[in-house]
Amino acid sequence: MKNQILAFSILFFSVFTSPVTAQTTSLPHDVYVNPSWFAINAGDDPDGSGPATQTGVDAFSSITAAINAVDDGGVVHLSEGTYAEQIEISHNLNLIRSGNTTIIQSPDNLLLSFNTGVLNKPIIWVHDTNDVRIQNLAIDGLGKGNENYRFMGIAYFNAGGLIDQVDIGHIEETPLSGNQHGIGIYVRNLTTAERAITITRSNIHDYQKNGMAIVGSHLTATIRNNTVTGSGRTTALAQNGIQLSYGANGIIENNTVRNNDCISEAGYCTLDPATSQDADTAAGILIFSPGSAELDISHNTLENNQCNLCALSYSYFTTATQLRLNLHDNMIDGGLLGLAIFDPDGTIPTMGTIQQNRIHHTQYGLFVRDDTPTATQPAITALHNDITNNTPYGVWANVPLNAENNWWGCAAGSALTLGDCDAHTDSVDTNPWLPTPDLSGTRGAYFEFYPERRDFYQRTGDSWTTPIDIEWYANNAPIYFSSPNIPAGSGISFVVSPNPATRPASGSTSRIHITYTVTPSSPAPSYTTFLLRGQAGTVIANQLIEVSLTPGVVSGTGGVVGSGGILGTGGVTGSGGIVGTGGILGSGGDTGSGGSIGTGGLTGSGGSGSGGSSGSGGVSGSSGSGGVTSSGSISRGLPTPTNDTISYNGTFADTTGWMTPTITVTGVSRPALSSGDHLRIYRPASRRTNLPLILIFPGTGSDTANFIDEIGANPTGLVNAFSPDEVVIAVLPHAYQPDGDWDHPWDAGYWNTAIDNINTNPDIAYTRAVIQEARRTYGIDPTRVYTFGHSSGGFFSEFVAEMLGDRIAGFAENSAGLVGCLTNGKKAPNPQYQSTSTSCDTILNGINSFGNRNYYTCTSSWEPFPSFYPGDPIPAYLNHANNDDAVSVYHSCFLRQQMLSRGSVEGTNLWTTIRNDGTGHSIGSGFLRTAWSHLRDRSL
């Protein structure tokens, strides 16, 4: 706002631009960069059978050289590694990673700059072009702002395109100072050409002044699904998370912005905005003199920003004739100001609606100030908001304000003085009010995608169906989906079903299913992105979809499908292979005559029939008496999972008792973080196949041995957690995370729940490998795989069930709860909370006695929420002590609430135990035993 913003974003008229690099059609469309290729001779093939062919033609060791060599609209593929260089881009291209971790670091001195009246020094500088796409990278400024004034991570200057899944950090001085620079993403247009920028799924942190600044007329921004985190309360300067300003227009939705707070900057940050026109603040989202188009700002989570969302406009800084706002469905918690609208000079009329927002625990929930009340006053209507626990005012305004039909925290409604409900100033009309927190007001036709997986990954020869939630508001118009523009040769086909989608008779959400089938092309692309578009009447919503294809050779001699390969002669499926003659599924194999499923096998005569796994005396009891669960197995009706394509090294021993094998996956060798940490496996004395598999995840700081000790007083712990007749294979993996995650930024050795990606999250890949190796070595029942966990392992237990929902039959968590904070795009409250109640309903409606509402909060919109199959919730057992001072009992109760809302039924496929035994953050006694008693008869 005001003084803080002007210091870096005043419009100047002296502009320098570089000439656009001439492109020719003879340049390659795909070029490849690997920092290890610096010593390879020009013209040589640097990677053998890899995609690059000639060094100096389509293969380079520097990004700059590759950019200069690629065709217009081409792709620069960055191999895994660290690149210390400043990058200039002046023609359309795609800059993407092809490895697991690709980091672009700032050099000590940035030599390239662009002039907006002062010189600006970005690490990546894009200019004078309209379609530059930067994806799946990390940019690290290394705190080198001291030598690079007007320091920036990425700058688009008179340019447009896409920034997607980019991590930008340390764009600051060392130490943080009051100098008004250090911007994660800076987009500036000084031309009359229309530019568009899309910024999605990115994480911006450790900046000095701004996470993002979108500046200039003829510029439209779409800012969606990002996380922007400031430094917290600082005396250095007033930070801003997302700034849209100086004539720019756009959409800001589904972002998480937090911790932009200022103690004092020349005294301005400490002034009361209700009494001083000179009061100034840091801001989560700052709308400063934008364009005339209506700004839709919705579904954002704003926490502990001094002003969570501030909007104001001066005619001096924009040609717009009005400020139009549509602020809805935002979750706001903490800070000085929730939603604040200022009319500083009376020259630009301000109008808009504020609907269905949740504004909690601020000093001024909704704040409207007119500094020139004799001029045109703001025309703001606030309806169907939840305005609760804001002290001293739920709504403060010095001009008339319509705030009817809002919830004020209690049934008595708002008053002029603070009581049980939030208070308001006398210019605010609050009558009638809502007696209950009903936020179902109407906004006309509106719908929103809420995908439960945004990334789709190839399983060769298979198809993947994933649900996507759609939310309607007050309009039942069917939604028609147009065919996405999938690049030619990608080998991907999509079917959207149902199409059109129609809102159900009751409820606000409906499921559609996106089905894609991968037919690998030659060569298969590493990824492709496109937009899925839906339209209801005149309303349009887009969802960005990314498809990543498994890299490597798809067919050919010695390849995956070729002769001698997995499916070829002598391979896994060929003669003598797993499926061939004499193989596991062939004659004499597990499925053939005498095999697992054939005659004499597990499922044939003498197999799963009489005397087999599922028949009389079998394992499940659902097909006969005498099994483990005489009440019968309850199946979710899902198909048996196919073999995984995960690549790993290491094997399990085909023995019984305790084992500590080693598995290496995604380059990480388990088990050793310390001598006590092991991947521990217990296989019962019975060497029977088709047994259930239980994965048990310990918490942060607890190795697998400690977890066994915590299970109960019995020294053999885990083994005796199950009844003697219940034969299971138990695997206790250990966590490996070398640096911070969302709830333990300072710690290592916990489970990674921050990456929504089953191929690159190392712990999900590790879990997949463990399941696959247990299936290969022990012949486990793939329809009966369960996850249990405590603390960080409990969060991970639910995370695995979310990410691998087609292969997990049930999960149990202890002292954990909802992994993430998103529920239909809205942030879940997440305080540190203790109680004496064993009722989740009481706990969810309780008052936080600690006053700290940021204890273990999520820092990324990528932490998932439960995505159970339609009509098929994943069975779960939730257990938590109500005096847990490390992970709030609120987590488990909120998970329960979300599961109930998605079709789970307490006592049928959901069981919740809130302990009042004073055990705090311990496992308590009997957790495994009780969890298994609920889940053992559940299967896919």
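For clarity, every value in this text was computed on a predicted model and none was experimentally measured. (Residues numbered from 1 in each chain as written. Predicted model: local features only at pLDDT ≥ 70, side-chain atom pairs only at ≥ 80, totals over all residues. Heavy atoms only, no water.)

### Description of unusual backbone geometry
Line of reasoning, step 1. Backbone torsion omega between Thr391 and Pro392 reads 15°, so that peptide bond is classified as cis.
Line of reasoning, step 2. Tracing the backbone through its elements, the reader meets Pro392 in the loop between strand 34 (386-388) and strand 35 (393-397).
Line of reasoning, step 3. The omega angle of the peptide bond from Asn431 to Pro432 is 5°, so this bond is cis rather than trans.
Line of reasoning, step 4. As for its position among the elements, Pro432 is in the loop between strand 37 (428-429) and strand 38 (447-451).
Line of reasoning, step 5. Positive phi, normally seen in glycine, also occurs at Gln165, with a value near 55°.
Line of reasoning, step 6. Counting through the fold element by element, Gln165 comes out in strand 13 (residues 161-171).
Line of reasoning, step 7. Residue Ser791 is not a glycine yet carries a positive backbone phi of 55°.
Line of reasoning, step 8. Residue placement: Ser791 occurs in the loop between strand 53 (785-790) and helix 5 (792-803). (Helix = DSSP H or I, 4+ residues; strand = E, 2+ residues; numbered from the N terminus.)

### Focus: helix 7 (residues 889-901)
Line of reasoning, step 1. For helix 7, with 13 residues, the first-to-last C-alpha span of 19 Å sits near the 18 Å given by 1.5 Å per residue.
Line of reasoning, step 2. Of all the 13 residues making up helix 7, 10 are buried; the element is thus mostly covered by neighbouring parts of the structure.
Line of reasoning, step 3. Burial in helix 7 covers these residues: Val889, Tyr890, His891, Ser892, Cys893, Phe894, Leu895, Arg896, Gln898 and Met899. (Expected span 1.5 Å × (residues − 1). Buried < 20%, exposed > 50% of the residue type's maximum accessible area, 1.4 Å probe, protein only.)

### A word on the pattern of salt bridges
Line of reasoning, step 1. In this structure the tally under the stated criterion is 16 salt bridges.
Line of reasoning, step 2. Ionic pairing is found between Asp654 and Arg683, a salt bridge with its closest N-O pair at 2.5 Å. Placement of Asp654 in the loop between strand 46 (634-635) and strand 47 (657-659) and of Arg683 in strand 50 (residues 680-683) is noted, with a sequence separation of 29 residues between them.
Line of reasoning, step 3. Residue classification places Asp654 among the partly exposed residues on the basis of a relative accessible area of 43%. (Salt bridge = Lys/Arg side-chain N within 4 Å of Asp/Glu carboxyl O.)

### Focus on the pairing of strand 58 (residues 910-915)
Line of reasoning, step 1. In this sheet, strand 58 lies alongside strand 57 (residues 876-881) in parallel orientation, the contact comprising six bridges. Within strand 58, the residue paired with Asn879 across the bridge is Thr913.
Line of reasoning, step 2. Crossover connection from strand 57 via helix 7 to parallel strand 58: handedness right-handed. (Pairing = 2+ DSSP bridges. Right-handed = clockwise from strand over helix to strand, strands pointing away.)

### Observations concerning the state of the cysteines
Line of reasoning, step 1. In total, this model carries four disulfides according to the counting rule given.
Line of reasoning, step 2. What pairs with Cys410 in a disulfide is Cys421, and their sulfur atoms sit 1.7 Å apart. Given an S-S torsion of about -115°, the disulfide between Cys410 and Cys421 has left-handed geometry. One end of the pair, Cys410, is in the loop between strand 36 (401-402) and strand 37; the other, Cys421, is in the loop between strand 36 and strand 37, with 11 residues separating them in the sequence.
Line of reasoning, step 3. Judged by its relative accessible area of 15%, Cys410 falls in the buried class.
Line of reasoning, step 4. According to the relative accessible area criterion, Cys421 is buried, its value standing at 4%.
Line of reasoning, step 5. Across the disulfide from Cys840 sits Cys893; the S-S distance is 2.2 Å. Between Cys840 and Cys893 the disulfide shows an S-S torsion of about -80°. By sign, it is left-handed. Taken together, the positions of Cys840 in helix 6 (residues 840-844) and Cys893 in helix 7 put the pair 53 residues apart, joining distant regions of the chain. (Disulfide = S-S within 2.5 Å.)

### Comments concerning helix 4 (residues 762-778)
Line of reasoning, step 1. With 17 residues, helix 4 ought to run about 24 Å at 1.5 Å a step, and its terminal C-alpha atoms sit 24 Å apart, in line with that.
Line of reasoning, step 2. Extensive coverage of helix 4 is indicated by the burial of 15 of its 17 residues.
Line of reasoning, step 3. Where helix 4 terminates, the next one or two residues include Gly779, which has phi positive at roughly 65°.

### Describing the side chain of Asn406
Line of reasoning, step 1. Of note, Asn406 is situated in the loop between strand 36 and strand 37.
Line of reasoning, step 2. With a relative accessible area of 0%, Asn406 lands in the buried category.
Line of reasoning, step 3. Of note is the side chain of Asn406, whose polar atom sits 2.8 Å from the backbone nitrogen of Asn385.
Line of reasoning, step 4. Within polar-contact distance, the side chain of Asn406 engages the backbone oxygen of Ala403 at 2.8 Å.
Line of reasoning, step 5. Not counting chain neighbours up to four residues away, the residues in contact with Asn406 comprise Ala382, Leu383, His384, Asn385, Ile387, Trp433 and Leu434. (Polar contact = N/O pair within 3.5 Å; in protein donor to acceptor, adjacent residues only side chain to side chain. Contact = heavy atoms within 4.5 Å.)

### Quick look at the packing of aromatic side chains
Line of reasoning, step 1. The final tally for this structure, using the stated rule, is 19 aromatic pairs.
Line of reasoning, step 2. Ring geometry for Tyr364 against Phe367: centres 5.4 Å apart, planes inclined by 80°, an arrangement best described as edge-to-face.
Line of reasoning, step 3. Assessed through its relative accessible area of 5%, Tyr364 is described here as buried.
Line of reasoning, step 4. Among the residues examined, Phe367 registers a relative accessible area of 0% and is labelled buried. (Phe/Tyr/Trp six-rings, centres within 6.5 Å; stacked < 30°, edge-to-face > 60°.)

### Looking at the sheet that holds strand 53
Line of reasoning, step 1. If you trace the eight strands from one edge of the open sheet to the other, you get 47-50-52-51-53-54-57-58, paired in mixed fashion. The sheet is open, and its two borders are formed by strand 47 and strand 58, each paired with just one other strand. The average undirected angle you get between the axes of adjacent strands in this sheet is 10°.
Line of reasoning, step 2. Bridge count between strand 54 (residues 810-814) and strand 57: four bridges; the pairing is parallel. When the sheet's bridge partners are listed, Glu813 is paired in strand 57 with Leu878.
Line of reasoning, step 3. Contacting strand 47, strand 50, strand 51 (693-697), strand 52 (729-732) and strand 53, helix 4 runs over the sheet at an angle of about 150° to strand 51.
Line of reasoning, step 4. Across the sheet, helix 7 lies against strand 54, strand 57 and strand 58, angled at about 155° from strand 57, the strand it touches most. (Axes fitted to C-alpha atoms, helices over the stretch in contact; angles between N-to-C directions.)

### Structural notes on the environment of Gly338
Line of reasoning, step 1. By the element assignment, Gly338 lies in strand 29 (residues 337-343).
Line of reasoning, step 2. For Gly338, a relative accessible area of 0% puts it in the buried group.
Line of reasoning, step 3. In this structure, the C-alpha to C-alpha distance between Gly338 and Asn305, residues 33 residues apart in sequence, is 8.5 Å.
Line of reasoning, step 4. In contact with Gly338, other than residues within four places in its own chain, are Asn308, Leu309, Ile332, Ile359, Thr362, Tyr364 and Gly365.

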